[in-house]
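Descriptive analysis of the structure
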Amino acid sequence: MSSRGTETEASPAVRRADGQVHVDAPAMERFVGAIFERAGCDAEEARRIAWRLTGANLRGHDSHGVLRTRRYLEWMEADKVRPGQRITVERETEAIAIVDGGYGFGQTVGEQTVDLGVEKARRHGVAVTALKNAGHLGRIGDWAERAAEANCASIHMVNVRGSLIVAPFGAIERRGSTSPFCAGVPRPGEPPIIHDFATSVVAEGKAMVALHGGKPLPADALVDADGSYTSDPRPLYGETPEGRTPDPHAGPGALAAFGLHKGSGLNFFMEMFGGALTGSGTAAALGDTGKRRFCNGMFSIYMQVGAFHSDDWFAREVSAYVDYWKAARPAPPGGEVLVPGEKERMTMAERTKSGLPLSEGVWEDILKAARKVGMSDREVKAALAGQV
Ligand code: NAD
C-alpha cells in the first residue's frame, strides 16, 4: 500500500493541499480505531485510543496524536504496553490511592485513575492518585479536562521511567525525560482552563514531527554531542535502520530542558513526584545494569471546587481574571494575549473544519501501520468512509 495513487487516496476525507495531507478528524478516528482493533484491542479500547490520539491532533499537539500509531503497535508487539488492562489499587485511604496501571494503554488506565481520583474528591473535597506503570498517557491535558468535567481543579506531574532523552541545565548527558506538567481549573458552562506542557523545550514527538519533515524546531530545542544548542532533531535519533521507527534513545545528543535552571529544576521534580512518590521509579539511576522498563508515572491532585466555595465566587473570580489577563496590551501590535488552553481551542475549531494536517511522512507511516496489522486498501478506504 502506498499513499499515492491507491484507492485510499480516492477517499473524500483525505485531501492534499500546501504540500500536506489533510484528513477529516472523524475519518481519522475511525481509521486509527480500526487499526488498533485489528491489532488486538477490544472495540471500546481501540475507539478510546483513536479518539484521544485524534483529539491531540485536533488541539494542535501532533506530537501526541496519530503519529504515535506505529510506535504503539510496536510496543504492543513487544509487550511494552498491554491491551485490556484495569488498574489495581495497591494502597488506599479515603483521599489517597496508589494504583498500578499494569502497563495498560495510558488512554485506558489514565481514564480509570482520574475517575477514581475525582470520585474520592467528590466525597472528601481533595484527593491524590499516584499512578505507576502506566502505558504512554498521551496528552496530559486530557486528564485535567476529565477532572474539570467533574468540577475538579487538578494538578498532574508526570515522569517517564526508562526514557533518557533530556539533558539537565548545564549538562550534555541525558538524565531524564520530557516529563510533562499540567494544571487545570473548571469553568461552569465554559471550557476549562488547562496548562499542559513538557518540561523540555519541545516534546519528543515534536522532534519526531520535525524529523518527518513537519514543523521545524526552535534553535535551543536540543543539545548536540558537543553540548551546543541546535534545532536539528537528528542528534536525538542518530541513524535509523531501514524499516524501523526512529528511536529517540539512539542519538548522541539530547533534548534541552526548558526554562534554563528553573525549568530544569521543575523537570527534576517530575521525577520526585511522578517517579519517586508514586512508586513508579525515576527515569534511571547510577548503577542500573539495564534500561528501566518504559512507563509513565503520574501524580495527580484533585480539588473539588465545591469543597472550597459554596457559591459561584470561584467561577466569577476566574472569569474576571481571564478578562483582566487578556486585556493586557499585546506586544506585537494587533496580537492577542491568550490564556492557557486557548490556543488548543482555537486550533480545534479550525481543524474541525479543515481536517488534520499531516506531513506525507506521517500519513505514510499510518498507512504502513494499517498494512502491518493486515488491513487491505479496500478496508482502509472503508474505515475512512465510515463503512465498517
Ligand atoms: P507547548 O509547548 O505547545 O505548550 C502548550 C501549553 O502552552 C498549553 O497549555 C498552551 O495552551 C500554552 N500556550 C501555547 N501557546 C501559547 C500562547 N501563545 N499564549 C499562551 N499560552 C500558550 O506543549 P509541549 O511542551 O510541546 O507539550 C505537548 C504535549 O505533549 C502536552 O500535551 C504534554 O502533556 C504532552 N507530553 C506528554 C508526555 C508523556 O509522557 N505522556 C511527555 C511529554 C509531553
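Please refer to the structure higher up on the page.
Residues numbered from 1 in each chain as written. Predicted model: local features only at pLDDT ≥ 70, side-chain atom pairs only at ≥ 80, totals over all residues. Heavy atoms only, no water.

Here we look at the nonpolar core
- Within the largest apolar cluster, 55 residues are counted, with the highest numbers of intra-cluster contacts made by Met 28, Phe 31, Phe 36, Trp 363 and Met 375.
- For this core, the leading source of residues is helix H1 (residues 25-39), giving 8 residues.
- In this structure Met 28 touches Val 23, Thr 54, Val 66, Leu 356, Leu 358, Trp 363 and Ile 366, once residues within four positions along its chain are discounted.
- One finds Val 114, Ala 127, Ala 134 and Val 158 within the second-largest nonpolar core, a separate group that totals 22 residues. (Core = buried A, V, L, I, M, F, W, Y, C linked by side-chain atoms within 4.5 Å. Buried < 20%, exposed > 50% of the residue type's maximum accessible area, 1.4 Å probe, protein only. Helix = DSSP H or I, 4+ residues; strand = E, 2+ residues; numbered from the N terminus. Contact = heavy atoms within 4.5 Å.)

Here we look at the packing of aromatic side chains
- With the rule as written, the count across this model stands at 13 aromatic pairs.
- With centroids separated by 5.9 Å and ring planes inclined at 70°, the aromatic side chains of Phe 268 and Phe 269 adopt a geometry described as edge-to-face.
- Given a relative accessible area of 47%, Phe 268 falls into the partly exposed group.
- A network of ring pairs unites the aromatic residues Phe 36, Tyr 72, Trp 75, Phe 105 and Phe 294 as a single cluster.
- Between Arg 293 and the ring centre of Tyr 103, over which it is positioned, the NZ or CZ distance is 3.5 Å. (Phe/Tyr/Trp six-rings, centres within 6.5 Å; stacked < 30°, edge-to-face > 60°. Lys NZ or Arg CZ within 6 Å of the ring centre and 35° of its normal.)

Brief notes about the site of the ligand
- Taken together, 22 residues form the shell around the ligand, and within it His 195, Asp 196, Lys 206, Gly 341 and Glu 344 come nearest.
- One nitrogen or oxygen atom from the main chain of Ile 140 is found 3.0 Å from an oxygen atom belonging to the ligand.
- Ala 198 places a main-chain nitrogen or oxygen 2.8 Å from an oxygen atom of the ligand.
- Out of a free accessible area of 860 Å², the ligand has 81% covered by protein chains.
- Counting only elements with at least two residues in the shell around the ligand, the list comes to strand S9 (190-198) and helix H11 (342-354). (Near = heavy atom within 4 Å. Polar contact = N/O pair within 3.5 Å; in protein donor to acceptor, adjacent residues only side chain to side chain. Areas by Shrake-Rupley, 256 points an atom, 1.4 Å probe, with all protein chains shown as cover.)

Remarks on the sheet that holds strand S1 (residues 14-17)
- One open sheet accounts for 3 strands, arranged S1-S2-S14; its pairing is antiparallel. Two strands bound the open sheet, and with one partner strand each, they are S1 and strand S14 (356-358). With strand direction ignored, the average angle separating the axes of adjacent strands in the sheet is 30°.
- The pairing of S1 with strand S2 (residues 20-23) spans 4 bridges and is classified as antiparallel. Paired with Arg 16 across the two strands is Val 21, which belongs to S2. (Pairing = 2+ DSSP bridges. Axes fitted to C-alpha atoms, helices over the stretch in contact; angles between N-to-C directions.)

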